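Here are the chains, one letter per residue:
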Amino acid sequence: NKEQKPSGILPEGFVLDKEIKMRAGFFQYDVGRVWEENKGKIEQALKEQNLELIVLPELCGCGYLFESKEELASVAERIPQGKTTEDLCRLSREYHCAIVAGLPEWEEGKIYNSAVVVSEGEFIGKYRKIHLSDFEKNFFEKGNQCSVFCVKGVKIGVQICFDLWFPEIAREQIRNGADLFCVPANFGGESSHLIARVRAMENLTPMILCNRVGVEKNTKMDASFLGRSSIIGADGSWLVEGEDNVQRSTGSEISFAEKKNVICSDFLAEMSCHYPDKNKDGQ
């Protein structure tokens, strides 16, 4: 792969003309309250799919509709010291893959709706959900960083569910070199599913969206989760579109190349006019 100097908005040394392929996918399932049971489902999916990268749902080990912040705190964990992250690291080592998975993170008395990135037994990093629903604001603190992580030679930007509704996150992530968007999710309606396609298309960046299935209830509300997890190409095409309300693990080969299309040979350079604070050296 030839190294080129970026054309205005990306970190120096970013590879623009690479052609990388990765077999990646998702596992949508009915998330229960007990981590050990969820872990068993995840491991079975890893056995069935020979994937280099797999994305799991938001809060994939504990469920979503908690009665109180105290109940949520009882299952929140430190990252990466917690059992969930340690187990995911072990699974990624055993099955020679990278995993993106959502879980509640506890730090200094605060709880975040977070996602961890692990690869081949190593903890790579974490992302904290920035945009919280009104319900989630009763439980979680918001994150503030649009981080990009490198796994197996691919730079991934992680978002969580409602983050999809805010195009600024995806745009910041591709400005920081993201080749792929990975999105753990818990949604019931179709809007987030449709918005995901737009985010991929408008950024010329493929996406793996993993949304859980199943039903949860607490004393105040019921929630039914749609599923319909998807792998979306950089042109907005559905490489894989999952079913509604069905447990499924699957994957597809995803290609990564320069961000261009038939009407624009350098999308990143064209985009740079909206960021006048950045000169051609990315400073």
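Up top is the structure these notes are about.
Basis of the calculations
- Positions within a chain are numbered from 1, following the residues in the order the chain's sequence is written.
- Local features in this predicted model are restricted to residues of pLDDT 70 or higher, and side-chain atom pairs are both shown and tallied only at a pLDDT of 80 or more, whereas totals for entire chains, interfaces and linings draw on every residue.
- Side-chain metrics rest on all non-hydrogen atoms present in the structure, leaving aside hydrogens and water.
- Cavities and pockets were defined on a 1 Å grid built from protein atoms only: a cavity is a group of points that admits a 1.4 Å probe but offers it no way out, a pocket is an open group of points flanked by protein on both sides within 12 Å along at least five of seven lines, and a lining residue is one with an atom within 4 Å of any such point.
- Grid points are joined across faces, edges and corners, and a volume is the space filled by probe spheres set on the points.
- Under the convention adopted here, Pro, Cys and the residues Ala, Val, Leu, Ile, Met, Phe, Trp and Tyr are nonpolar, Asp, Glu, Lys and Arg are charged, and Gly plus all remaining residues are polar.
- Relative accessible area decides the class of each residue, using a 1.4 Å probe on protein chains only: under 20% of the type maximum gives buried, over 50% gives exposed, and in between gives partly exposed.
- Each helix is a run of DSSP H or I of at least 4 residues and each strand a run of E of at least 2, with the numbering of both proceeding from the N terminus.
- Pairing between two strands requires that DSSP report at least two bridges joining them.
- Angles here are taken between N-to-C directions and fall from 0 to 180 degrees, while the axes themselves are lines fitted to C-alpha atoms, restricted in helices to the stretch in contact.
- Roughly parallel here means an angle under 35 degrees, roughly antiparallel means over 145, roughly perpendicular means 65 to 115, and every remaining angle is called oblique.
- Whether a crossing is left-handed or right-handed is set by the direction in which the near helix is turned from the far one by less than a right angle, anticlockwise for left-handed and clockwise for right-handed.
- The contact rule is simple, with two residues in contact once any of their heavy atoms fall within 4.5 Å.

**Student:** Can you lay out empty space enclosed by the protein for me, pointing to particular residues and giving the numbers?
**Tutor:** For the structure shown, the criterion picks out two cavities of 30 Å³ or more. There is about 40 Å³ of room inside the second largest cavity. In this structure, the second largest cavity is lined by Leu59, Tyr64, Phe66, Leu72, Phe135, Phe139 and Phe140. In the lining of the second largest cavity, the residues fall into seven nonpolar, no polar and no charged.

**Student:** Quick one: what's the story with the pairing of strand β3 (residues 98-107), residue by residue and with numbers?
**Tutor:** By the criterion of burial, β3 is predominantly enclosed, with eight of the ten residues buried. By the bridge criterion, three bridges tie strand β2 (residues 53-55) to β3 in an arrangement that is parallel. Paired with Leu53 across the bridge in β3 is Ala98. With ten bridges connecting them, β3 and strand β4 (residues 110-119) associate as antiparallel partners. Bridging from a neighbouring strand, Val100 pairs with Val117 of β4. Taken together, β3 and the strand that follows it, β4, pair antiparallel across an intervening segment of two residues, in which Glu108 is found at a positive phi of about 50°.

**Student:** Tell me about the packing of helix α1 (residues 35-48) against helix α3 (residues 83-94), and please be specific about residues and values.
**Tutor:** Packing of α1 against α3 brings their axes to within 11 Å, and their N-to-C directions diverge by 15°. Between α1 and α3, the interaxial angle falls into the category roughly parallel. In this structure, the crossing between α1 and α3 has a hand that is right-handed. Taking contact as the criterion, the partners of Trp35, Glu36, Lys39, Ile42, Glu43 and Leu46 in α1 are, on α3, Lys83, Thr84, Asp87, Leu88, Arg90, Leu91 and Glu94. Split into classes, the residues belonging to the contact of α1 with α3 amount to five nonpolar, one polar and seven charged.

Nothing here speaks to function; it is all geometry.
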